[in-house]
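Inside the fold
Residue-level listing of the chains:
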Amino acid sequence: MKALVSTEYQPLDRISLADRPKPAAGPGQVLVKVSAAALNPLDLALITGAMKDFYPVDHPHVVGMDVAGTVTEVGPDAAGYAPGDQVLAFVPSGGTVAEYTVATVGPRLARRPAGLDAEHGAAIPESGMTAVCLLRAVGLGADESLLVIGATGGIGLYAVQLATALGARVIATASADDAGYVRGLGAADTVDHRAGDVVEQTLRLVPGGVDVVLDLVNRGEGLAATAQAARPGGRLVSPLFGPAELEREVTPVYIGSFDPAPGDLEDLAHRAADGRLRVELGARYPFDRAVDAVADFAGKHTRGKIVITVDAS
Ligand SMILES: NC(=O)c1ccc[n+]([C@@H]2O[C@H](COP(=O)([O-])OP(=O)(O)OC[C@H]3O[C@@H](n4cnc5c(N)ncnc54)[C@H](OP(=O)(O)O)[C@@H]3O)[C@@H](O)[C@H]2O)c1
């Protein structure tokens, strides 16, 4: 089968479409004929080796972790699935930008409901489940205010919508081009991260500081800086790591890897299918342009997700 492959830790422009053996469904797994795959920042880090000390990969490595497709084989002990099932999944070991991939039965695999096409389905798993886990980890309440930094990216657009649905007042970073779109998803206000300091702009809108800062962009001491947008005694939550202690009794909540609960992915898929959750495809690429998709994801501003259509039939 054809797959998007890195042969060693290498620059993004050295990856290529190559022939790889078709995988087989092992115990607890299903084999998926891929319809569409989506890209995440982690895919880029696994290609270049930027995270090789704590997330090493074997080579040749097949790129991609998000997928939507059709189950074609069911391995032993993979109860609940049958050939022909339409699914979406997150595959932590990679391998989704390919004609076939394997997914493990559990919270990272769900049926794709009618009303959700494969490209939009592929754009949900990693970003959507991370957004759910971040908001759950920080215990966002319905009457709270939330600043989302990185709101126009994969996780951010889901976080804005899920927090709004919860009843929270959301302030989101967005450049002038994206501000209207993000407000349309429910953000009460936007602050332009390209036009000025995000903390200062936020404190002008909420003088005492927001209850919760969700920072999807900064790490390390950068998180200590953005925590200044939270009220004394507030919380900061991030999928990236920062200081163990923050000033003004702001509590940090860092999640190193997301740990979805059973049903989270189904819930996201059903929200998307019935229109309660908008899935923004910033760009779509055919399979034979998968290398360009990776380069553009790394180098260009894209609102929402980049999706690669592997098999449109
Ligand atoms: N720990 C975990 O389990 C976990 C899971 C998933 C993701 N992550 C990490 O979480 C981070 C976000 O992931 P993602 O998928 O949402 O990434 P993404 O799709 O690349 O989105 C990042 C967004 O942040 C925006 N941005 C960049 N600099 C900004 C700034 N200074 N202020 C405000 N917004 C800014 C980007 O806009 P432009 O396009 O204009 O730059 C983009 O819209 C990544 O570092 C990823 O590796 C961690």
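See the structure printed just above.
A short tour of the structure in this document, coming up.

Cut-offs used in this document
Residues numbered from 1 in each chain as written. Predicted model: local features only at pLDDT ≥ 70, side-chain atom pairs only at ≥ 80, totals over all residues. Heavy atoms only, no water. Salt bridge = Lys/Arg side-chain N within 4 Å of Asp/Glu carboxyl O. Helix = DSSP H or I, 4+ residues; strand = E, 2+ residues; numbered from the N terminus. Buried < 20%, exposed > 50% of the residue type's maximum accessible area, 1.4 Å probe, protein only. Contact = heavy atoms within 4.5 Å.

Tallied over the full model, the rule gives 15 salt bridges. A salt bridge links Asp85 to Arg111, with the nearest nitrogen and oxygen atoms 3.2 Å apart. Taken as a pair, Asp85 in the loop between strand 5 (66-74) and strand 6 (86-90) and Arg111 in strand 8 (residues 109-111) lie far apart in primary sequence, 26 residues in all. Given the relative accessible area of 16%, Asp85 is considered buried. On the basis of relative accessibility, which here comes to 40%, the residue Arg111 falls in the partly exposed class. Residues Arg284 and Glu119 are paired through a salt bridge, measuring 2.7 Å at the closest nitrogen-oxygen approach. Note that Arg284 is positioned in strand 15 (residues 281-286) and Glu119 in helix 2 (residues 118-122), a separation of 165 residues in sequence. A relative accessible area of 47% means that Arg284 is categorised as partly exposed. Classification of Glu119 as buried rests on a relative accessible area of 16%. Salt bridges linked by common partners bring Asp178, Arg278, Glu280 and Arg303 together as one network.

For the rest of this paragraph, the subject is helix 5 (residues 176-184). All of the buried residues in helix 5 are Asp178, Ala179, Tyr181 and Val182. Looking at the buried residues of helix 5, the elements they touch are helix 4 (154-166), strand 10 (169-173) and strand 11 (189-191). Remark: Gly186 follows helix 5 within two positions and exhibits a positive phi of approximately 125°.

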